[in-house]
Amino acid sequence: VDFLTDSDYNETKSAIRKLRELSKSKDYAYIHEKLADMLESKAISIRDQKEEKKVREAAIAEWDRAIKLEPYRIKYHVEKGHLLTYIDKNQDAIKEFKAALALDFESATRFDIVPISENDVCRDLAGAYGDAGLIDLSEKEFSRVLAEEPNNYYAYTSRARIRKDH
């Protein structure tokens, strides 16, 4: 999902309300899947509106709803983890990244258009450790990532930022 216009956003909100009502009366798996996808779109739309803490907390609430419906979606945990780091809730972000790493990557990523690799999540976890001041754990995770992908530019730049900050 790229960016949603105000009209798209309002239509999404309306569809979400309808699906919530429908899901109360009938228990179809596809209804939950569609609802989770819509919550994902809504969370991304909210996240991309502004960088204010309040807006990001609203997006986190949407990721929570999506995770409740489909807890096996790695992307949901990772996106929520990113938002948590943006508002300096690094311990909570660490928990989300660890929750993502506990999932089965082979089966869980089949739902995502662009699958997230386990190494990507380890890199994000390393960054969250560093932002939380847990430098030894951060270095350990970055070393693990770079052992797997020695040319991972993002891991090098993230590790350099954390080293500089601490």
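Residues numbered from 1 in each chain as written. Predicted model: local features only at pLDDT ≥ 70, side-chain atom pairs only at ≥ 80, totals over all residues. Heavy atoms only, no water.

Enquirer: Got a sec to walk through the overall build of the protein chain? Specific residues and values, please.
Expert: A tally of helices and strands in the protein chain yields nine helices and zero strands. Shown N-terminal to C-terminal, the secondary structure of the protein chain runs as helices and strands in the order α-α-α-α-α-α-α-α-α. The burial tally for the protein chain puts 43% of its 166 residues in the buried class. (Helix = DSSP H or I, 4+ residues; strand = E, 2+ residues; numbered from the N terminus. Buried < 20%, exposed > 50% of the residue type's maximum accessible area, 1.4 Å probe, protein only.)

Enquirer: Could you give an account of the packing of aromatic side chains, with specific residues and numbers?
Expert: Enumeration according to the criterion identifies one aromatic pair in this entry. A centroid spacing of 5.5 Å and a plane angle of 45° characterise the contact between Trp-63 and Tyr-76, whose relative ring orientation is tilted. Within this pair, whereas Trp-63 is found in helix α3 (residues 53-69), its partner Tyr-76 is found in helix α4 (residues 74-86), the two being separated by 13 residues in sequence. Take Tyr-76: its relative accessible area is 0%, and that puts it in the buried class. (Phe/Tyr/Trp six-rings, centres within 6.5 Å; stacked < 30°, edge-to-face > 60°.)

Enquirer: Would you mind going over the packing of α4 against helix α7 (residues 118-131) in detail, with residue names and values included?
Expert: When two helices pack together, their arrangement is given by the angle between the helix axes and by the axis-to-axis distance. Put simply, α4 and α7 touch, their axes get as near as 11 Å, and they point 20° apart. When the axis of α4 is compared with that of α7, the two are roughly parallel. Note on packing geometry: the crossing formed by α4 with α7 is left-handed. For the pair α4 and α7, contact is made by Ile-74, Val-78, His-82 and Thr-85 and by Val-121, Asp-124 and Ala-128, respectively. A class-by-class count of the residues in the contact of α4 with α7 yields four nonpolar, two polar and one charged. (Axes fitted to C-alpha atoms, helices over the stretch in contact; angles between N-to-C directions. Parallel < 35°, antiparallel > 145°, perpendicular 65-115°, else oblique. Left-handed = near helix turned anticlockwise from the far one by under 90°. Contact = heavy atoms within 4.5 Å. Nonpolar A, V, L, I, M, F, W, Y, C, P; charged D, E, K, R; others polar.)

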